[in-house]
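What the coordinates show
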Amino acid sequence: MNLELILQAILLTADKPLSLEQLESYFLPEERVSRSAIRVALHTLQAACATQSFELQETASGFRLQTRAAFQTWVQRHSEEKPAKYSRAFLETLALIAWRQPITRAEIEAVRGVAVNANVIKTLLEREWVKVLGHKDVPGRPEMLGTTRQFLDYFNLKSLDELPSLLAMKGLDIDQLPLALDSK
């Protein structure tokens, strides 16, 4: 049994990242495939992908095979679905939620200096990048927002610790960022 090829086939056909536990569940007990063997096989698979147009990426939810960013231009040409375009307000709101969570809508508005459009929050919730973590214990009990595992997966992050520091982002001009984020 070539465990690397089996894992590659599973990951190629998966529609979302798969955890070690999920990968282990694909094997029958009599096949005696341990979690540590899966880890070793994934490491070997990752090395084997080094010269390919795709890579093995670990995210918060698990592992997935994906096209390398360097090939995005050509892959998007055959995609029927056009990448979503996000406004500056959308990206600023998402960034504030990611770096300052849990955060309320009023706190976002205080930092940005303008009201947050309800559609921005609605879109973030629909994409499942953001969720309501609870309610702040102040009058009106506003919702406290935070990011989700889907947010981490979409941006290829294992945890929020992988976000660049705010100091590193301070000199970055948001107008220089591409507003079209590819759909994964």
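Scroll up a little and you will see the structure.
A few points on the structure. (Residues numbered from 1 in each chain as written. Predicted model: local features only at pLDDT ≥ 70, side-chain atom pairs only at ≥ 80, totals over all residues. Heavy atoms only, no water.)

Along its length, the chain carries 9 helices and 7 strands. Sorting the 184 residues of the chain into buried and exposed places 33% on the buried side. A fraction of 55% describes how many contacts in the chain between residues 6 or more apart in sequence connect residues 24 or more apart. (Helix = DSSP H or I, 4+ residues; strand = E, 2+ residues; numbered from the N terminus. Buried < 20%, exposed > 50% of the residue type's maximum accessible area, 1.4 Å probe, protein only. Contact = heavy atoms within 4.5 Å.)

All right, on to the pairing of strand β2 (residues 63-67) then. Of all 5 residues that make up β2, 4 are buried, and the element is covered over most of its length. Looking at chain direction, strand β1 (residues 54-58) and β2 are connected through 5 bridges and run antiparallel. Bridge assignment links Glu55 to a residue of β2, and that residue is Gln66. Turn length for the β1-β2 hairpin, with the two strands adjacent in sequence and antiparallel, is 4 residues, and the turn residue Gly62 shows positive phi of about 150°. (Pairing = 2+ DSSP bridges.)

Glancing now at a nonpolar patch on the surface. Together, Phe71, Trp74 and Val75 make up an exposed nonpolar region whose accessible area comes to about 280 Å². For Phe71, the location among the structural elements is in the loop between β2 and α4 (72-77). You can call Phe71 partly exposed: its relative accessible area is 34%. (Patch = residues over 30% accessible without salt bridge, like charges linked within 9 Å, V, L, I, M, F, W, Y side chains within 5 Å. Areas by Shrake-Rupley, 256 points an atom, 1.4 Å probe, with all protein chains shown as cover. Salt bridge = Lys/Arg side-chain N within 4 Å of Asp/Glu carboxyl O.)

Taken in spatial order, the 3 strands make up an open sheet running β4-β6-β5, and their pairing is antiparallel. Since the sheet does not close on itself, it has two edges, and those belong to β4 (103-104) and β5 (130-135), each with one partner. Across 5 bridges, β5 lies against strand β6 (residues 143-147) in antiparallel orientation. Looking across to β6, one finds that Gly134 is bridged to Met144. Across the sheet, helix α5 (residues 88-100) touches β4, β5 and β6, and the angle it forms with β6 is around 90°. (Axes fitted to C-alpha atoms, helices over the stretch in contact; angles between N-to-C directions.)

So, on to the side chain of Gln8. Structurally, Gln8 can be placed in helix α1 (residues 3-13). The exposure class of Gln8 is buried, given its relative accessible area of 18%. For Gln8, the contacting residues outside a window of four places in its chain are Leu45, Phe54 and Leu65.

Once that is clear, we can look at the packing of α1 against helix α3 (residues 35-48). One can describe the packing of α1 onto α3 by two numbers: an axis separation of 9 Å at closest approach and a directional angle of 80°. With respect to α3, the element α1 is oriented roughly perpendicular. Taking contact as the criterion, the partners of Leu3, Glu4, Leu7, Gln8 and Leu11 in α1 are, on α3, Ala37, Ile38, Ala41, Leu42, Thr44 and Leu45. Residue composition of the contact of α1 with α3, by class: 8 nonpolar, 2 polar and 1 charged. (Parallel < 35°, antiparallel > 145°, perpendicular 65-115°, else oblique. Nonpolar A, V, L, I, M, F, W, Y, C, P; charged D, E, K, R; others polar.)

Attention now goes to the packing of aromatic side chains. Any pair of aromatic rings gets described here by the distance separating the centres and the angle formed by the planes. Summed over all chains, the structure comprises 7 aromatic pairs. Here a set of aromatic residues connected by ring pairs shows up, and it is made of Tyr86, Phe90, Trp129, Phe151, Tyr154 and Phe155. (Phe/Tyr/Trp six-rings, centres within 6.5 Å; stacked < 30°, edge-to-face > 60°.)

Turning next to the pattern of salt bridges. Counted according to the given criterion, the structure contains 10 salt bridges. A salt bridge links Arg88 to Glu92; the shortest N-O distance between them is 2.8 Å. In this pair, Arg88 and Glu92 both sit in helix α5, 4 residues apart, roughly one turn of the helix. A salt bridge links Lys122 to Glu126; the shortest N-O distance between them is 3.8 Å. Of the two residues, Lys122 and Glu126 are both situated in helix α7 (residues 118-126); the distance of 4 residues between them amounts to about one turn of the helix.

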